[in-house]
Amino acid sequence: MTTHEWGGMRGFLAAVAVMAMAAGCGGQDRAGSAPPAAGAPASDLTPFQLEHGIGPLTEVLTLGPLDQGLADSGQKVFGAKCTACHKMAEKYVGPALGEVLVRRSPTFTMNMILNPNEMVERHPVAKEMLAEAMTMMANQGLTTGDARAVVEYLRTQATGTVKTQ
Ligand code: HEC
């Protein structure tokens with residue numbers, strides 16, 4: 001084998017090695033990405049559940065005039081049980097909550113507070129939030145009354161128009 005021929009052979013071997021590596025990587029990529037879901041199952045939720053969430057509240061809660069005393073007690077609950085994961089104006093572990101009542105109904109908000117596990121498992125909106133946060137909201141074991149007080153407090157934090165039902 002002349003020097004010239006050997007050089008050509010080395011080039012050929014190198015090319016084979018590169019191709020083998022590329023094929024190996026490609027194989028890993030294909031194994032890593034899940035196949036596209038074949039038609040997501042139709043939602044099993046009722047129209048009420050889609051708008052107001054899944055949980056202990058099964059009737060639409062209507063907010064009356066602001067109750068500042070209730071909002072104050074809600075602020076205490078929020079400070080003790082929620083600030084580890086939520087801020088008002090920016091995303092933290094969970095979504096920013098300052099405008100939550102502008103985007104969600106009070107009933108949805110209470111069901112999310114009182115029943116977060118089932119919400120992230122079954123409700124499309126909550127599932128999407130979980131996908132974004134990549135952390136599960138922990139059920140803080142609030143009473144319905146405490147959750148209602150927190151909603152009153154959240155009302156005072158919004159700058160947009162709050163949904164009253
Ligand atoms: C361990 C962290 C954690 C704690 C504590 C926590 N949350 Fe959450 N919260 C989350 C995450 C994360 C989400 C998004 C859904 C998910 O990933 O489970 C969320 C979602 C929410 C939502 C839905 C927001 C929307 O845009 O619809 C509300 C309302 C909410 N939390 C209220 C509260 C309240 C009130 C408390 C206190 C009683 C609380 N959370 C305590 C992490 C937490």
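In this text the structure is predicted, and so the values were computed from the model without any measurement.

**Quick notes on the site of the ligand**
Working step 1: Around the ligand lies a shell of 28 residues, among which Cys82, Cys85, Gly94, Ala133 and Met137 are the nearest.
Working step 2: Looking at the shell around the ligand, the elements that each hand over two or more residues are α4 (100-103), α5 (106-114), α6 (116-122) and α7 (124-133).
Working step 3: Among the elements that make up the shell around the ligand, the one with the highest residue count is α7 (four residues).
Working step 4: Residue composition of the shell around the ligand, grouped by class: 20 nonpolar, five polar and three charged.

**Considering the environment of Glu132**
Working step 1: Residue position: Glu132 is located in helix α7.
Working step 2: For Glu132, a count of 11 C-beta atoms within 10 Å gives the class exposed.
Working step 3: For Glu132 and Val93, which are 39 residues apart along the polypeptide, the C-alpha to C-alpha distance reads 10.0 Å.

**Remarks on helix α8 (residues 144-157)**
Working step 1: In a regular helix each residue adds 1.5 Å, so 14 residues correspond to 20 Å; α8 covers 20 Å between its end C-alpha atoms and thus fits that length.
Working step 2: Across the 14 residues that make up α8, a large majority, ten, are buried.
Working step 3: Buried residues of α8: Asp146, Ala147, Arg148, Ala149, Val150, Val151, Glu152, Tyr153, Leu154 and Arg155, and no others.

**A word on the packing of helix α3 (residues 68-81) against α8**
Working step 1: Interhelical geometry of α3 versus α8 gives an angle of 105 degrees and a closest axis separation of 7 Å. Between α3 and α8, the angle is such that the two are roughly perpendicular. Here α3 contributes Leu70, Ala71, Ser73, Gly74, Gln75, Val77 and Phe78 to the contact with α8, which in turn contributes Asp146, Ala149, Val150, Val151, Glu152, Tyr153, Arg155 and Thr156.
Working step 2: Tallied by class, the residues present in the contact of α3 with α8 amount to eight nonpolar, four polar and three charged.

**Describing the environment of Glu51**
Working step 1: Looking at the secondary structure, you find Glu51 in helix α2 (residues 47-52).
Working step 2: Sequence separation of Glu51 and Ser105 is 54 residues, and the distance between their C-alpha atoms is 7.4 Å.
Working step 3: If we ignore the near neighbours within four places in the chain, the residues touching Glu51 are Ser105 and Phe108.

What counts as what
- Here the residue index of a chain counts from 1 through its sequence in written order.
- A pLDDT threshold of at least 70 governs which residues receive local features in this predicted model, and a stricter bar of 80 or more applies before side-chain atom pairs are shown or counted, although totals over entire chains, interfaces and linings include all residues.
- Any residue whose backbone-placed C-beta atom lies within 6 Å of a molecule or strand is treated as near that molecule or strand.
- Secondary structure elements follow DSSP: runs of H or I of four or more residues count as helices, runs of E of two or more count as strands, with numbering from the N terminus.
- Amino acids are sorted into nonpolar (Ala, Val, Leu, Ile, Met, Phe, Trp, Tyr, Cys and Pro), charged (Asp, Glu, Lys and Arg) and polar (every other residue, Gly among them).
- Put plainly, a residue is buried at 20 or more neighbouring C-beta atoms within 10 Å of its own, exposed at 12 or fewer, and partly exposed in between, counting only other residues' C-beta atoms, which are placed from the backbone.
- Take the number of residues in a helix, subtract one, and multiply by 1.5 Å to get its expected span.
- Lines fitted to C-alpha atoms define the axes, with helix axes restricted to the stretch in contact, and inter-axis angles between N-to-C directions lie between 0 and 180 degrees.
- For classification, angles of less than 35 degrees are called roughly parallel, those exceeding 145 degrees roughly antiparallel, those between 65 and 115 degrees roughly perpendicular, and all remaining angles oblique.
- The contact rule is simple: place each C-beta atom from the backbone, and if two of them lie within 7 Å, those residues are in contact.

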